[in-house]
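The lines below spell out each chain.
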Amino acid sequence: MTQPYRVIVADDEKQVRERIVQSFPWESLGMRIVGAACDGREALRLAESCKPHVVLTDIRMPGMDGLELAGSLRERYPDVKVVILSAYDDFKYAQDAIRAGVKGYLLKPLAQDEFRELFQRIACELDQEHGSRSGEDTRERFLIDLLKGTHTEPLSERLTELKLQGLNHYTRVAICAFEHRAGREMRFSSLQSALHMSAKFWGGHDIPAIYYGGCHVIFFHDKKPLSKGSVQRLLLDFAEKLERLGDELDGSAGLTIGVGNLYDEPGAIARSYNEAIFASSCRYFRPAESLFFYQDIVRHEPPASSINDLIEETVQSLFTQSTTGGGIHPLEAFFRQVEQHGKSDVRDLHSACIELLIAIHLKARERSIRIRLPERKEALERIQSFRSLYELKAWFLDMAGGWGVEPEASLAENPHDYVARAKAHVQRHLADKISLEEVAESLFINASYFSHMFKKQTGQNFVDYVNEARVNKAAELIKQTNYRIKEVSLMVGYKNFSYFNKVFKSIVGVKPLLYRSGIFAAKTEYEPNEAKS
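This structure is a prediction, so every number in the text was calculated from the model and none was measured.

Here we come to the overall build of the chain. Regarding its fold elements, the chain presents 23 helices and ten strands. Looking at the 533 residues of the chain, the share that counts as buried comes to 46%. Restricting to contacts in the chain with at least 6 residues of sequence separation, those with at least 24 account for 68%. Accessible area of the chain: about 27700 Å², with a carbon and sulfur share of 48%.

Quick look at the structure:
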(Lines give C-alpha, C1' and ligand atoms only; values in the text may rest on other atoms or scores of the structure.)
Protein backbone atom coordinates (compact mmCIF):
# COMPACT_ATOMS: atom_id res chain seq x y z
CA MET A 1 0.00 0.00 0.00
CA THR A 2 1.08 3.59 -0.68
CA GLN A 3 -0.16 6.77 0.97
CA PRO A 4 -3.83 6.69 2.07
CA TYR A 5 -6.50 8.77 0.43
CA ARG A 6 -6.93 12.17 2.12
CA VAL A 7 -10.25 13.11 3.77
CA ILE A 8 -11.61 16.39 5.19
CA VAL A 9 -14.56 16.42 7.62
CA ALA A 10 -16.79 19.51 8.01
CA ASP A 11 -19.42 19.79 10.74
CA ASP A 12 -20.36 22.73 12.97
CA GLU A 13 -21.02 20.43 15.97
CA LYS A 14 -17.70 19.80 17.69
CA GLN A 15 -18.74 16.51 19.31
CA VAL A 16 -20.05 15.08 16.04
CA ARG A 17 -16.93 16.25 14.19
CA GLU A 18 -14.58 14.68 16.74
CA ARG A 19 -16.53 11.42 16.79
CA ILE A 20 -16.34 11.10 13.00
CA VAL A 21 -12.62 11.87 13.01
CA GLN A 22 -11.67 9.60 15.91
CA SER A 23 -14.18 6.74 15.94
CA PHE A 24 -14.68 5.68 12.35
CA PRO A 25 -12.44 3.12 10.59
CA TRP A 26 -10.74 5.44 8.12
CA GLU A 27 -7.38 3.67 8.20
CA SER A 28 -8.82 0.23 7.49
CA LEU A 29 -10.34 1.71 4.30
CA GLY A 30 -7.01 3.16 3.20
CA MET A 31 -8.04 6.72 4.11
CA ARG A 32 -6.67 9.36 6.49
CA ILE A 33 -8.21 12.50 7.98
CA VAL A 34 -6.11 15.50 6.97
CA GLY A 35 -8.38 18.27 8.25
CA ALA A 36 -11.55 19.05 10.21
CA ALA A 37 -13.58 22.22 9.70
CA CYS A 38 -16.46 23.88 11.55
CA ASP A 39 -18.07 25.33 8.41
CA GLY A 40 -17.91 25.31 4.61
CA ARG A 41 -15.54 28.24 4.25
CA GLU A 42 -12.94 26.65 6.51
CA ALA A 43 -13.35 23.34 4.68
CA LEU A 44 -12.75 25.11 1.35
CA ARG A 45 -9.56 26.70 2.70
CA LEU A 46 -8.39 23.31 3.92
CA ALA A 47 -9.13 21.81 0.51
CA GLU A 48 -6.81 24.37 -1.10
CA SER A 49 -3.90 23.36 1.13
CA CYS A 50 -4.57 19.64 1.80
CA LYS A 51 -5.76 18.56 -1.68
CA PRO A 52 -8.26 15.98 -0.35
CA HIS A 53 -9.64 13.05 -2.30
CA VAL A 54 -12.88 13.01 -0.24
CA VAL A 55 -14.85 15.63 1.73
CA LEU A 56 -17.52 14.54 4.24
CA THR A 57 -19.68 17.54 5.14
CA ASP A 58 -22.73 18.32 7.23
CA ILE A 59 -25.50 19.87 5.18
CA ARG A 60 -26.54 22.65 7.58
CA MET A 61 -23.70 24.87 8.79
CA PRO A 62 -23.41 28.63 9.38
CA GLY A 63 -21.79 30.76 6.70
CA MET A 64 -21.30 28.31 3.84
CA ASP A 65 -23.46 25.18 4.16
CA GLY A 66 -22.70 21.72 2.82
CA LEU A 67 -24.47 22.16 -0.51
CA GLU A 68 -22.67 25.43 -1.21
CA LEU A 69 -19.40 23.72 -0.29
CA ALA A 70 -20.18 20.84 -2.65
CA GLY A 71 -20.86 23.28 -5.47
CA SER A 72 -17.63 25.20 -4.88
CA LEU A 73 -15.61 21.99 -4.73
CA ARG A 74 -17.18 20.77 -7.97
CA GLU A 75 -16.10 23.99 -9.71
CA ARG A 76 -12.55 24.15 -8.31
CA TYR A 77 -11.69 20.47 -7.69
CA PRO A 78 -13.98 18.30 -9.85
CA ASP A 79 -12.16 15.08 -8.88
CA VAL A 80 -12.95 15.45 -5.16
CA LYS A 81 -15.65 13.06 -3.92
CA VAL A 82 -18.20 14.82 -1.68
CA VAL A 83 -20.41 13.00 0.84
CA ILE A 84 -23.28 14.83 2.55
CA LEU A 85 -24.13 14.11 6.20
CA SER A 86 -27.44 15.36 7.54
CA ALA A 87 -29.87 14.92 10.42
CA TYR A 88 -32.72 15.81 8.09
CA ASP A 89 -34.31 12.91 6.25
CA ASP A 90 -35.71 15.17 3.55
CA PHE A 91 -36.00 14.20 -0.09
CA LYS A 92 -35.42 17.79 -1.24
CA TYR A 93 -32.00 17.84 0.43
CA ALA A 94 -31.14 14.59 -1.32
CA GLN A 95 -32.21 16.05 -4.68
CA ASP A 96 -30.15 19.20 -4.11
CA ALA A 97 -27.17 17.10 -3.03
CA ILE A 98 -27.38 14.99 -6.20
CA ARG A 99 -27.52 18.13 -8.34
CA ALA A 100 -24.41 19.37 -6.48
CA GLY A 101 -22.61 16.22 -7.65
CA VAL A 102 -22.22 14.45 -4.28
CA LYS A 103 -21.21 10.78 -4.13
CA GLY A 104 -23.40 9.86 -1.18
CA TYR A 105 -25.97 11.05 1.34
CA LEU A 106 -25.79 9.74 4.94
CA LEU A 107 -28.15 10.43 7.83
CA LYS A 108 -27.26 11.14 11.44
CA PRO A 109 -26.73 9.27 13.66
CA LEU A 110 -24.21 7.71 11.31
CA ALA A 111 -24.33 3.88 11.36
CA GLN A 112 -21.02 2.05 10.94
CA ASP A 113 -22.26 -0.37 8.28
CA GLU A 114 -23.73 2.41 6.10
CA PHE A 115 -20.54 4.43 6.47
CA ARG A 116 -18.30 1.47 5.58
CA GLU A 117 -20.41 0.44 2.59
CA LEU A 118 -20.36 3.93 1.07
CA PHE A 119 -16.69 4.67 1.69
CA GLN A 120 -15.59 1.25 0.45
CA ARG A 121 -17.38 2.07 -2.81
CA ILE A 122 -15.65 5.46 -2.95
CA ALA A 123 -12.28 3.83 -2.23
CA CYS A 124 -12.86 1.41 -5.14
CA GLU A 125 -13.66 4.34 -7.44
CA LEU A 126 -10.49 6.11 -6.35
CA ASP A 127 -8.49 2.91 -6.88
CA GLN A 128 -9.79 2.69 -10.43
CA GLU A 129 -8.99 6.33 -11.09
CA HIS A 130 -5.52 6.23 -9.54
CA GLY A 131 -4.60 2.66 -10.42
CA SER A 132 -3.94 -0.27 -8.07
CA ARG A 133 -1.67 0.61 -5.15
CA SER A 134 0.23 -2.68 -4.98
CA GLY A 135 2.60 -2.00 -7.86
CA GLU A 136 1.39 -5.21 -9.55
CA ASP A 137 -1.72 -3.93 -11.30
CA THR A 138 -2.45 -6.77 -13.68
CA ARG A 139 -1.70 -9.63 -11.29
CA GLU A 140 -3.67 -8.16 -8.40
CA ARG A 141 -6.64 -7.20 -10.55
CA PHE A 142 -6.75 -10.70 -11.97
CA LEU A 143 -6.73 -12.22 -8.47
CA ILE A 144 -9.58 -9.87 -7.50
CA ASP A 145 -11.52 -11.04 -10.58
CA LEU A 146 -11.00 -14.63 -9.39
CA LEU A 147 -12.38 -13.72 -5.97
CA LYS A 148 -15.39 -11.98 -7.51
CA GLY A 149 -15.91 -14.74 -10.10
CA THR A 150 -15.88 -12.16 -12.91
CA HIS A 151 -12.92 -13.51 -14.92
CA THR A 152 -13.70 -13.97 -18.61
CA GLU A 153 -10.46 -15.21 -20.14
CA PRO A 154 -9.15 -18.84 -20.28
CA LEU A 155 -7.74 -19.36 -16.78
CA SER A 156 -4.95 -21.85 -17.32
CA GLU A 157 -3.01 -19.76 -19.84
CA ARG A 158 -3.56 -16.53 -17.92
CA LEU A 159 -2.40 -18.07 -14.62
CA THR A 160 0.81 -19.27 -16.27
CA GLU A 161 1.38 -15.87 -17.89
CA LEU A 162 1.05 -14.13 -14.49
CA LYS A 163 3.21 -16.74 -12.71
CA LEU A 164 0.22 -18.00 -10.76
CA GLN A 165 0.18 -21.47 -12.27
CA GLY A 166 -0.02 -23.04 -8.80
CA LEU A 167 -3.67 -21.99 -8.69
CA ASN A 168 -4.37 -24.43 -11.55
CA HIS A 169 -4.28 -27.23 -8.96
CA TYR A 170 -5.87 -27.67 -5.53
CA THR A 171 -6.71 -24.29 -3.95
CA ARG A 172 -8.43 -22.90 -0.90
CA VAL A 173 -8.79 -19.27 0.18
CA ALA A 174 -8.26 -17.78 3.63
CA ILE A 175 -9.00 -14.23 4.76
CA CYS A 176 -7.18 -12.49 7.63
CA ALA A 177 -8.88 -9.45 9.16
CA PHE A 178 -6.39 -7.31 11.09
CA GLU A 179 -7.82 -5.61 14.15
CA HIS A 180 -6.89 -3.91 17.38
CA ARG A 181 -7.11 -6.40 20.22
CA ALA A 182 -9.50 -4.20 22.22
CA GLY A 183 -11.90 -4.00 19.26
CA ARG A 184 -10.86 -0.61 17.88
CA GLU A 185 -9.68 -0.02 14.35
CA MET A 186 -5.94 -0.32 13.78
CA ARG A 187 -3.89 2.78 13.13
CA PHE A 188 -2.76 3.11 9.55
CA SER A 189 0.94 2.75 10.50
CA SER A 190 0.17 -0.47 12.40
CA LEU A 191 -1.86 -1.79 9.47
CA GLN A 192 0.99 -1.01 7.08
CA SER A 193 3.46 -2.87 9.31
CA ALA A 194 1.11 -5.86 9.53
CA LEU A 195 0.60 -5.92 5.75
CA HIS A 196 4.34 -5.64 5.11
CA MET A 197 5.01 -8.55 7.45
CA SER A 198 2.20 -10.55 5.87
CA ALA A 199 3.47 -10.01 2.32
CA LYS A 200 6.96 -11.08 3.38
CA PHE A 201 5.69 -14.16 5.23
CA TRP A 202 3.46 -15.51 2.45
CA GLY A 203 5.92 -14.53 -0.27
CA GLY A 204 8.49 -16.70 1.50
CA HIS A 205 6.14 -19.67 1.10
CA ASP A 206 5.37 -18.81 -2.56
CA ILE A 207 1.70 -18.29 -1.65
CA PRO A 208 -0.10 -15.37 -3.40
CA ALA A 209 -1.66 -12.85 -1.01
CA ILE A 210 -3.37 -9.50 -1.61
CA TYR A 211 -5.13 -6.86 0.48
CA TYR A 212 -8.75 -6.69 -0.64
CA GLY A 213 -12.08 -5.82 1.01
CA GLY A 214 -10.39 -4.73 4.23
CA CYS A 215 -8.71 -8.13 4.67
CA HIS A 216 -5.54 -9.91 3.63
CA VAL A 217 -6.60 -12.68 1.22
CA ILE A 218 -4.37 -15.76 0.96
CA PHE A 219 -4.49 -18.25 -1.94
CA PHE A 220 -3.26 -21.64 -0.70
CA HIS A 221 -2.40 -24.05 -3.50
CA ASP A 222 -0.69 -27.39 -4.11
CA LYS A 223 -0.55 -30.16 -6.70
CA LYS A 224 -2.06 -32.55 -4.16
CA PRO A 225 -4.99 -31.99 -1.78
CA LEU A 226 -4.15 -29.51 0.97
CA SER A 227 -4.95 -30.93 4.39
CA LYS A 228 -6.60 -28.78 7.01
CA GLY A 229 -3.64 -29.47 9.30
CA SER A 230 -1.02 -28.09 6.90
CA VAL A 231 -3.01 -24.91 6.30
CA GLN A 232 -3.68 -24.53 10.01
CA ARG A 233 0.00 -24.84 10.91
CA LEU A 234 0.95 -22.07 8.47
CA LEU A 235 -1.85 -19.81 9.68
CA LEU A 236 -0.96 -20.32 13.35
CA ASP A 237 2.69 -19.59 12.57
CA PHE A 238 1.59 -16.40 10.80
CA ALA A 239 -0.68 -15.43 13.72
CA GLU A 240 2.20 -15.95 16.16
CA LYS A 241 4.47 -13.65 14.14
CA LEU A 242 1.73 -11.03 13.98
CA GLU A 243 1.28 -11.35 17.75
CA ARG A 244 4.97 -10.59 18.27
CA LEU A 245 4.68 -7.66 15.87
CA GLY A 246 1.63 -6.42 17.75
CA ASP A 247 3.54 -6.39 21.03
CA GLU A 248 6.02 -4.00 19.40
CA LEU A 249 3.25 -1.70 18.13
CA ASP A 250 0.99 0.43 20.23
CA GLY A 251 -1.94 -1.03 18.27
CA SER A 252 -1.36 -4.58 19.53
CA ALA A 253 -2.73 -6.13 16.34
CA GLY A 254 -4.86 -9.26 16.39
CA LEU A 255 -6.43 -11.49 13.74
CA THR A 256 -9.69 -13.08 12.74
CA ILE A 257 -9.10 -15.82 10.16
CA GLY A 258 -11.68 -17.58 8.00
CA VAL A 259 -10.77 -20.48 5.70
CA GLY A 260 -12.86 -21.74 2.78
CA ASN A 261 -13.11 -25.29 1.49
CA LEU A 262 -10.63 -27.01 -0.83
CA TYR A 263 -11.35 -27.16 -4.59
CA ASP A 264 -9.44 -28.66 -7.49
CA GLU A 265 -9.92 -25.97 -10.12
CA PRO A 266 -9.37 -22.18 -10.15
CA GLY A 267 -12.92 -21.41 -11.22
CA ALA A 268 -14.06 -22.32 -7.68
CA ILE A 269 -11.82 -19.74 -5.98
CA ALA A 270 -14.75 -17.32 -5.65
CA ARG A 271 -16.75 -19.99 -3.84
CA SER A 272 -13.92 -20.73 -1.42
CA TYR A 273 -13.50 -16.99 -0.81
CA ASN A 274 -17.19 -16.55 0.08
CA GLU A 275 -16.95 -19.55 2.40
CA ALA A 276 -13.94 -17.95 4.11
CA ILE A 277 -15.93 -14.74 4.67
CA PHE A 278 -18.80 -16.73 6.13
CA ALA A 279 -16.43 -18.70 8.37
CA SER A 280 -14.78 -15.53 9.71
CA SER A 281 -18.20 -14.17 10.72
CA CYS A 282 -18.37 -16.94 13.33
CA ARG A 283 -16.04 -14.78 15.45
CA TYR A 284 -19.14 -12.77 16.34
CA PHE A 285 -20.69 -15.84 17.93
CA ARG A 286 -17.46 -17.34 19.34
CA PRO A 287 -15.29 -14.34 20.34
CA ALA A 288 -12.77 -16.44 22.30
CA GLU A 289 -11.65 -18.11 19.03
CA SER A 290 -9.86 -16.51 16.08
CA LEU A 291 -9.42 -19.25 13.42
CA PHE A 292 -12.48 -20.71 11.68
CA PHE A 293 -12.68 -23.37 8.94
CA TYR A 294 -15.83 -23.43 6.87
CA GLN A 295 -15.73 -27.23 6.88
CA ASP A 296 -16.06 -27.25 10.69
CA ILE A 297 -19.14 -25.05 10.89
CA VAL A 298 -22.03 -27.08 12.24
CA ARG A 299 -25.15 -26.88 10.10
CA HIS A 300 -28.30 -26.75 12.23
CA GLU A 301 -31.74 -27.77 11.15
CA PRO A 302 -33.94 -24.71 10.61
CA PRO A 303 -35.99 -23.92 13.73
CA ALA A 304 -39.51 -25.25 13.86
CA SER A 305 -40.82 -21.77 14.68
CA SER A 306 -40.11 -18.54 12.81
CA ILE A 307 -38.12 -15.62 14.21
CA ASN A 308 -41.44 -13.75 14.61
CA ASP A 309 -42.75 -16.56 16.81
CA LEU A 310 -39.56 -16.45 18.88
CA ILE A 311 -39.88 -12.67 19.34
CA GLU A 312 -43.53 -12.98 20.35
CA GLU A 313 -42.69 -15.73 22.85
CA THR A 314 -39.83 -13.65 24.32
CA VAL A 315 -41.99 -10.54 24.74
CA GLN A 316 -44.76 -12.57 26.33
CA SER A 317 -42.31 -14.05 28.83
CA LEU A 318 -40.81 -10.63 29.62
CA PHE A 319 -44.19 -9.25 30.65
CA THR A 320 -45.52 -12.29 32.50
CA GLN A 321 -42.46 -13.65 34.37
CA SER A 322 -40.10 -12.19 36.97
CA THR A 323 -36.71 -11.21 35.53
CA THR A 324 -34.90 -11.26 38.88
CA GLY A 325 -35.37 -14.87 39.91
CA GLY A 326 -32.96 -17.75 39.58
CA GLY A 327 -34.40 -18.97 36.27
CA ILE A 328 -33.25 -18.13 32.77
CA HIS A 329 -34.04 -14.56 31.76
CA PRO A 330 -36.36 -14.45 28.71
CA LEU A 331 -33.76 -12.43 26.80
CA GLU A 332 -31.08 -14.96 27.71
CA ALA A 333 -33.36 -17.69 26.36
CA PHE A 334 -33.92 -15.66 23.17
CA PHE A 335 -30.19 -15.41 22.45
CA ARG A 336 -29.59 -19.06 23.34
CA GLN A 337 -32.16 -20.08 20.74
CA VAL A 338 -30.57 -17.75 18.21
CA GLU A 339 -27.20 -19.41 18.85
CA GLN A 340 -28.66 -22.92 18.86
CA HIS A 341 -30.24 -22.45 15.46
CA GLY A 342 -26.95 -21.24 13.98
CA LYS A 343 -28.01 -17.72 13.05
CA SER A 344 -24.58 -16.94 11.65
CA ASP A 345 -25.77 -14.09 9.47
CA VAL A 346 -25.03 -11.12 11.70
CA ARG A 347 -27.26 -8.79 9.68
CA ASP A 348 -30.26 -11.10 10.20
CA LEU A 349 -29.50 -11.14 13.92
CA HIS A 350 -29.37 -7.33 14.02
CA SER A 351 -32.72 -7.11 12.24
CA ALA A 352 -34.23 -9.59 14.70
CA CYS A 353 -32.97 -7.52 17.63
CA ILE A 354 -34.54 -4.34 16.23
CA GLU A 355 -37.84 -6.18 15.72
CA LEU A 356 -37.61 -7.44 19.31
CA LEU A 357 -37.14 -3.91 20.67
CA ILE A 358 -40.12 -2.67 18.65
CA ALA A 359 -42.27 -5.52 19.97
CA ILE A 360 -41.20 -4.77 23.56
CA HIS A 361 -42.05 -1.09 23.08
CA LEU A 362 -45.53 -1.91 21.71
CA LYS A 363 -46.29 -4.38 24.49
CA ALA A 364 -45.15 -1.93 27.17
CA ARG A 365 -47.36 0.82 25.71
CA GLU A 366 -50.29 -1.59 25.49
CA ARG A 367 -49.93 -2.40 29.21
CA SER A 368 -49.20 1.20 30.28
CA ILE A 369 -45.70 0.30 31.45
CA ARG A 370 -43.05 2.99 31.23
CA ILE A 371 -39.68 1.62 30.12
CA ARG A 372 -36.76 3.44 28.56
CA LEU A 373 -35.81 2.23 25.08
CA PRO A 374 -33.51 3.87 22.50
CA GLU A 375 -34.92 5.29 19.29
CA ARG A 376 -34.74 2.97 16.28
CA LYS A 377 -31.74 4.66 14.65
CA GLU A 378 -29.86 4.92 17.94
CA ALA A 379 -30.62 1.26 18.72
CA LEU A 380 -29.44 0.13 15.28
CA GLU A 381 -26.21 2.08 15.65
CA ARG A 382 -25.53 0.55 19.08
CA ILE A 383 -26.40 -2.97 17.91
CA GLN A 384 -24.08 -2.68 14.90
CA SER A 385 -21.24 -1.38 17.06
CA PHE A 386 -20.88 -4.59 19.07
CA ARG A 387 -18.12 -7.00 18.04
CA SER A 388 -19.66 -10.14 19.48
CA LEU A 389 -22.98 -11.75 20.37
CA TYR A 390 -21.81 -11.69 23.99
CA GLU A 391 -21.57 -7.87 23.98
CA LEU A 392 -24.93 -7.55 22.23
CA LYS A 393 -26.59 -9.88 24.75
CA ALA A 394 -25.00 -8.02 27.69
CA TRP A 395 -26.39 -4.72 26.37
CA PHE A 396 -29.91 -6.13 26.14
CA LEU A 397 -29.73 -7.64 29.63
CA ASP A 398 -28.32 -4.40 30.99
CA MET A 399 -31.27 -2.48 29.53
CA ALA A 400 -33.69 -5.05 30.92
CA GLY A 401 -32.24 -4.46 34.38
CA GLY A 402 -33.80 -1.00 34.31
CA TRP A 403 -37.22 -2.16 33.13
CA GLY A 404 -40.19 -2.86 35.35
CA VAL A 405 -42.57 -5.64 34.27
CA GLU A 406 -45.43 -4.29 36.36
CA PRO A 407 -47.43 -1.08 35.77
CA GLU A 408 -46.46 1.97 37.78
CA ALA A 409 -49.47 1.64 40.07
CA SER A 410 -48.27 -1.80 41.19
CA LEU A 411 -44.80 -0.42 41.89
CA ALA A 412 -46.32 2.26 44.09
CA GLU A 413 -47.94 -0.44 46.21
CA ASN A 414 -44.50 -1.97 46.98
CA PRO A 415 -42.13 0.99 47.52
CA HIS A 416 -39.76 -0.74 49.96
CA ASP A 417 -38.03 -3.24 47.70
CA TYR A 418 -34.80 -1.32 48.23
CA VAL A 419 -32.45 -4.31 48.15
CA ALA A 420 -33.68 -5.48 44.75
CA ARG A 421 -33.38 -1.96 43.39
CA ALA A 422 -29.89 -1.58 44.85
CA LYS A 423 -28.79 -4.87 43.25
CA ALA A 424 -30.19 -3.77 39.90
CA HIS A 425 -28.29 -0.49 40.24
CA VAL A 426 -25.04 -2.35 40.92
CA GLN A 427 -25.51 -4.67 37.93
CA ARG A 428 -26.09 -1.68 35.63
CA HIS A 429 -23.04 0.24 36.90
CA LEU A 430 -20.35 -2.40 37.45
CA ALA A 431 -17.78 -0.37 35.50
CA ASP A 432 -18.53 2.83 37.43
CA LYS A 433 -17.69 4.01 40.92
CA ILE A 434 -20.27 2.55 43.35
CA SER A 435 -20.63 3.73 46.93
CA LEU A 436 -23.17 2.78 49.58
CA GLU A 437 -23.94 6.46 50.19
CA GLU A 438 -24.71 7.19 46.53
CA VAL A 439 -26.93 4.12 46.17
CA ALA A 440 -28.81 4.99 49.37
CA GLU A 441 -29.27 8.54 48.13
CA SER A 442 -30.67 7.28 44.84
CA LEU A 443 -33.20 5.24 46.86
CA PHE A 444 -34.03 8.25 49.08
CA ILE A 445 -33.20 6.44 52.33
CA ASN A 446 -30.65 6.87 55.11
CA ALA A 447 -27.27 5.26 54.34
CA SER A 448 -26.92 3.61 57.78
CA TYR A 449 -30.45 2.22 57.58
CA PHE A 450 -29.82 0.94 54.05
CA SER A 451 -26.57 -0.75 55.13
CA HIS A 452 -28.33 -2.48 58.05
CA MET A 453 -31.28 -3.54 55.89
CA PHE A 454 -29.05 -4.86 53.09
CA LYS A 455 -26.99 -6.95 55.54
CA LYS A 456 -30.12 -8.29 57.21
CA GLN A 457 -31.78 -9.37 53.96
CA THR A 458 -28.73 -10.70 52.09
CA GLY A 459 -26.40 -11.85 54.85
CA GLN A 460 -23.47 -9.84 53.46
CA ASN A 461 -22.17 -6.31 53.54
CA PHE A 462 -22.99 -4.06 50.58
CA VAL A 463 -19.29 -3.66 49.68
CA ASP A 464 -18.84 -7.45 49.69
CA TYR A 465 -21.85 -7.79 47.39
CA VAL A 466 -20.42 -5.24 44.96
CA ASN A 467 -17.05 -7.05 44.87
CA GLU A 468 -18.76 -10.39 44.34
CA ALA A 469 -20.97 -9.00 41.55
CA ARG A 470 -17.91 -7.54 39.83
CA VAL A 471 -15.93 -10.76 40.14
CA ASN A 472 -18.91 -12.75 38.82
CA LYS A 473 -18.98 -10.53 35.74
CA ALA A 474 -15.17 -10.65 35.42
CA ALA A 475 -15.18 -14.47 35.57
CA GLU A 476 -17.87 -14.56 32.89
CA LEU A 477 -15.87 -12.22 30.63
CA ILE A 478 -12.64 -14.17 31.19
CA LYS A 479 -14.36 -17.44 30.26
CA GLN A 480 -16.41 -16.28 27.30
CA THR A 481 -14.29 -13.58 25.62
CA ASN A 482 -10.66 -12.96 24.67
CA TYR A 483 -10.33 -9.58 26.40
CA ARG A 484 -7.04 -9.14 28.20
CA ILE A 485 -7.21 -9.48 31.98
CA LYS A 486 -6.37 -5.80 32.46
CA GLU A 487 -9.22 -4.86 30.12
CA VAL A 488 -11.61 -7.04 32.10
CA SER A 489 -10.43 -5.36 35.30
CA LEU A 490 -11.43 -1.94 33.92
CA MET A 491 -14.71 -3.24 32.52
CA VAL A 492 -15.86 -4.33 35.99
CA GLY A 493 -14.75 -1.20 37.79
CA TYR A 494 -11.24 -1.97 39.08
CA LYS A 495 -8.69 0.61 37.95
CA ASN A 496 -6.04 -0.88 40.26
CA PHE A 497 -5.02 -4.14 38.56
CA SER A 498 -3.18 -5.50 41.61
CA TYR A 499 -6.26 -4.94 43.77
CA PHE A 500 -8.43 -6.66 41.16
CA ASN A 501 -6.13 -9.71 41.24
CA LYS A 502 -6.34 -9.76 45.04
CA VAL A 503 -10.14 -9.50 45.20
CA PHE A 504 -10.60 -12.03 42.38
CA LYS A 505 -8.39 -14.58 44.13
CA SER A 506 -10.12 -14.06 47.49
CA ILE A 507 -13.50 -14.92 45.91
CA VAL A 508 -12.59 -17.44 43.19
CA GLY A 509 -9.58 -19.08 44.84
CA VAL A 510 -7.08 -18.41 42.05
CA LYS A 511 -5.84 -15.39 40.13
CA PRO A 512 -7.62 -14.41 36.87
CA LEU A 513 -4.88 -15.72 34.56
CA LEU A 514 -5.00 -19.19 36.13
CA TYR A 515 -8.80 -19.11 35.98
CA ARG A 516 -8.64 -18.50 32.22
CA SER A 517 -6.01 -21.22 31.68
CA GLY A 518 -8.19 -23.91 33.24
CA ILE A 519 -5.67 -24.77 35.94
CA PHE A 520 -8.28 -23.51 38.41
CA ALA A 521 -10.28 -26.69 37.88
CA ALA A 522 -7.88 -28.63 40.10
CA LYS A 523 -8.29 -26.13 42.93
CA THR A 524 -11.85 -24.89 42.79
CA GLU A 525 -15.11 -25.49 40.95
CA TYR A 526 -16.02 -21.81 40.97
CA GLU A 527 -18.67 -20.65 38.53
CA PRO A 528 -20.07 -17.10 38.23
CA ASN A 529 -23.00 -16.96 40.63
CA GLU A 530 -25.91 -15.71 38.57
CA ALA A 531 -28.45 -16.19 41.34
CA LYS A 532 -26.78 -13.57 43.53
CA SER A 533 -26.54 -10.99 40.77
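Right, let's talk about the environment of Arg421 for a bit. Considering the arrangement of structural elements, one finds Arg421 in helix α17 (residues 418-428). Assessed through its relative accessible area of 38%, Arg421 is described here as partly exposed. In this structure the C-alpha to C-alpha distance between Arg421 and Val439, which are 18 residues apart in sequence, comes to 9.3 Å.

With respect to the helices and strands, Ser272 occurs in helix α10 (residues 269-280). Within the local environment of Ser272, its side chain forms a polar contact with the backbone oxygen of Asn261, the two atoms lying 2.9 Å apart. The residues touching Ser272, leaving out its near neighbours within four places in the chain, are Arg172, Val173, Gly260, Asn261 and Tyr263.

This next bit is on the packing of aromatic side chains. Per the stated rule, a full pass over the model turns up 21 aromatic pairs. Among the aromatic residues, those joined into a cluster by ring pairs are Tyr494, Phe497, Tyr499, Phe500, Phe504 and Tyr515.

What follows deals with the side chain of Thr314. Mapped onto the secondary structure, Thr314 falls in helix α11 (residues 307-318). Taking the relative accessible area as the measure of exposure, Thr314 reaches 4% and is therefore buried. Residues in contact with Thr314, not counting those within four places in the same chain, are Pro330, Leu331, Phe334 and Leu356.

All of the buried residues along α17 are Tyr418, Val419, Ala422 and Val426. Seen along its axis, α17 keeps its buried residues to an arc of 95 degrees; they face one direction.

Membership of the largest hydrophobic core comes to 30 residues, with the highest contact counts inside it found for Tyr284, Leu349, Leu356, Leu357, Leu392, Trp395 and Phe396. If you list the elements that add at least two residues to this core, you get α11, α12 (330-340), α13 (346-366), α14 (376-385) and α15 (389-400). With eight residues, the top contributor of residues to this core is α13. Judged by nonpolar contacts, the second largest core, of 23 residues, contains Ala174, Ile207, Tyr211 and Leu226.

This next bit is on the packing of helix α2 (residues 40-50) against helix α3 (residues 66-76). The interhelical angle for the contact between α2 and α3, taken along N-to-C directions, is 20 degrees, at an axis separation of 10 Å. As judged from the angle between their axes, α2 and α3 are roughly parallel. Between α2 and α3 the crossing geometry is right-handed. Packed against α2, whose contacting residues are Gly40, Ala43, Leu44, Ala47 and Glu48, the element α3 presents Leu69, Ser72, Leu73 and Arg76 at the interface.

With that settled, the discussion passes to the pairing of strand β1 (residues 5-10). Counting buried positions along β1 yields five of six residues, so the element is predominantly enclosed. Judged from the six bridges that link them, β1 and strand β2 (residues 31-37) form a sheet pairing that is parallel. Bridged to Tyr5 within β2 is Met31. Relative to strand β3 (residues 54-58), β1 runs parallel, the two sharing four bridges. When the bridges of β3 are listed, Val7 appears paired with Val54.

Conventions adopted
- Residues numbered from 1 in each chain as written.
- Predicted model: local features only at pLDDT ≥ 70, side-chain atom pairs only at ≥ 80, totals over all residues.
- Heavy atoms only, no water.
- Helix = DSSP H or I, 4+ residues; strand = E, 2+ residues; numbered from the N terminus.
- Buried < 20%, exposed > 50% of the residue type's maximum accessible area, 1.4 Å probe, protein only.
- Contact = heavy atoms within 4.5 Å.
- Areas by Shrake-Rupley, 256 points an atom, 1.4 Å probe, with all protein chains shown as cover.
- Polar contact = N/O pair within 3.5 Å; in protein donor to acceptor, adjacent residues only side chain to side chain.
- Phe/Tyr/Trp six-rings, centres within 6.5 Å; stacked < 30°, edge-to-face > 60°.
- Arc of directions from axis to C-beta.
- Core = buried A, V, L, I, M, F, W, Y, C linked by side-chain atoms within 4.5 Å.
- Axes fitted to C-alpha atoms, helices over the stretch in contact; angles between N-to-C directions.
- Parallel < 35°, antiparallel > 145°, perpendicular 65-115°, else oblique.
- Left-handed = near helix turned anticlockwise from the far one by under 90°.
- Pairing = 2+ DSSP bridges.

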